[in-house]
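# Architecture at a glance
Each chain is listed here by its residues.
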Amino acid sequence: MLFRSVPADTVRTAFDARWDAASTAWDGTQPLTADAAVRCALANNRVLRRTILELERRRAVSQDAQLPPNPTLEFAIGAPISMGAVPILAMLAQQVDWVWRRDALVGEADAQLRTMLMEAAAVTVATAVEVRADYVEAASAHEQRVFAQRDAEVAARVLAAEEAAFAAGEATTTAVNQARMNAAEAQNRVMEAESAQLAA
């Protein structure tokens, strides 16, 4: 499951956090895990923040569509005729046509709300998938560099042993040359692994 280790309120926390506040998704001192990388990406995703803000607006519109419009109160005051009483007319009106339009209004608002929910989910999933893929690529490059360095260390020790044996007359020139070639190849693999890690 994609978010089995990610807290359910990650998106809400990312939305509520101030843009200028320090992120609590990762403190920068502990090793970065895949879940921490996803939390950081979600917390700093501007598209997701904008989508959630629009989602909140659409939710308010959907709730408002289910309520009848406010009644209107109208006053009319006329001028007295022949010193008579001043006519005052007050009328309280309610838009009755809302009853017939209610289903259409609610349906449209709900459709817009569902659209924004799907868009927010799509942005969240796409961000998580992209970050996890990048994390796996970077972690793999790091492991390859570690193994290449260990291989180079072993090749260097073998070369030193062969050179010492040659100096003592116990090894041939061919064995020393082979050890040197192996050490050079191992060092090249280290440089290639470091370049791959930087590219990742």
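It is worth spelling out the overall build of the chain at this point. The helix and strand tally for the chain stands at five helices and two strands. Burial statistics for the chain: of 200 residues in total, 24% are counted as buried. In the chain, once contacts between residues fewer than 6 apart in sequence are set aside, the share between residues at least 24 apart is 69%. Surface summary for the chain: the accessible area is close to 14000 Å², and the carbon and sulfur share equals 60%.

Looking now at helix 3 (residues 46-65). Taking 1.5 Å of rise per residue, the 20 residues of helix 3 would be expected to cover 28 Å, and the 29 Å separating its terminal C-alpha atoms lies within 8% of that figure. All of the buried residues along helix 3 are Leu 48, Thr 51, Ile 52, Leu 55, Arg 58, Ser 62 and Ala 65. Projected down its long axis, helix 3 carries its buried residues within an arc of 135 degrees, all on one side. Of the exposed residues in helix 3, those oriented more than 90 degrees away from the buried face are Arg 46, Arg 50, Leu 53 and Asp 64.

Moving on to helix 5 (residues 173-199). Because an α-helix completes one turn every 3.6 residues, residues spaced three or four positions apart along the sequence face the same direction. With 27 residues, helix 5 extends 39 Å from end C-alpha to end C-alpha; this agrees with the ideal 39 Å at 1.5 Å per step. All of the buried residues along helix 5 are Val 176, Ala 179, Ala 183, Ala 186, Val 190 and Ala 193.

One can find Leu 159 in helix 4 (residues 97-167). You can call Leu 159 buried: its relative accessible area is 16%. Each C-alpha atom, one on Leu 159 and one on Asn 177, is 8.8 Å from the other, the two residues being 18 residues apart in sequence. Residue contacts for Leu 159: discarding those within four places in its chain leaves Val 176, Ala 179, Arg 180 and Ala 183.

What counts as what
- Residues numbered from 1 in each chain as written.
- Predicted model: local features only at pLDDT ≥ 70, side-chain atom pairs only at ≥ 80, totals over all residues.
- Heavy atoms only, no water.
- Helix = DSSP H or I, 4+ residues; strand = E, 2+ residues; numbered from the N terminus.
- Buried < 20%, exposed > 50% of the residue type's maximum accessible area, 1.4 Å probe, protein only.
- Contact = heavy atoms within 4.5 Å.
- Areas by Shrake-Rupley, 256 points an atom, 1.4 Å probe, with all protein chains shown as cover.
- Expected span 1.5 Å × (residues − 1).
- Arc of directions from axis to C-beta.

By themselves these figures say nothing about function.
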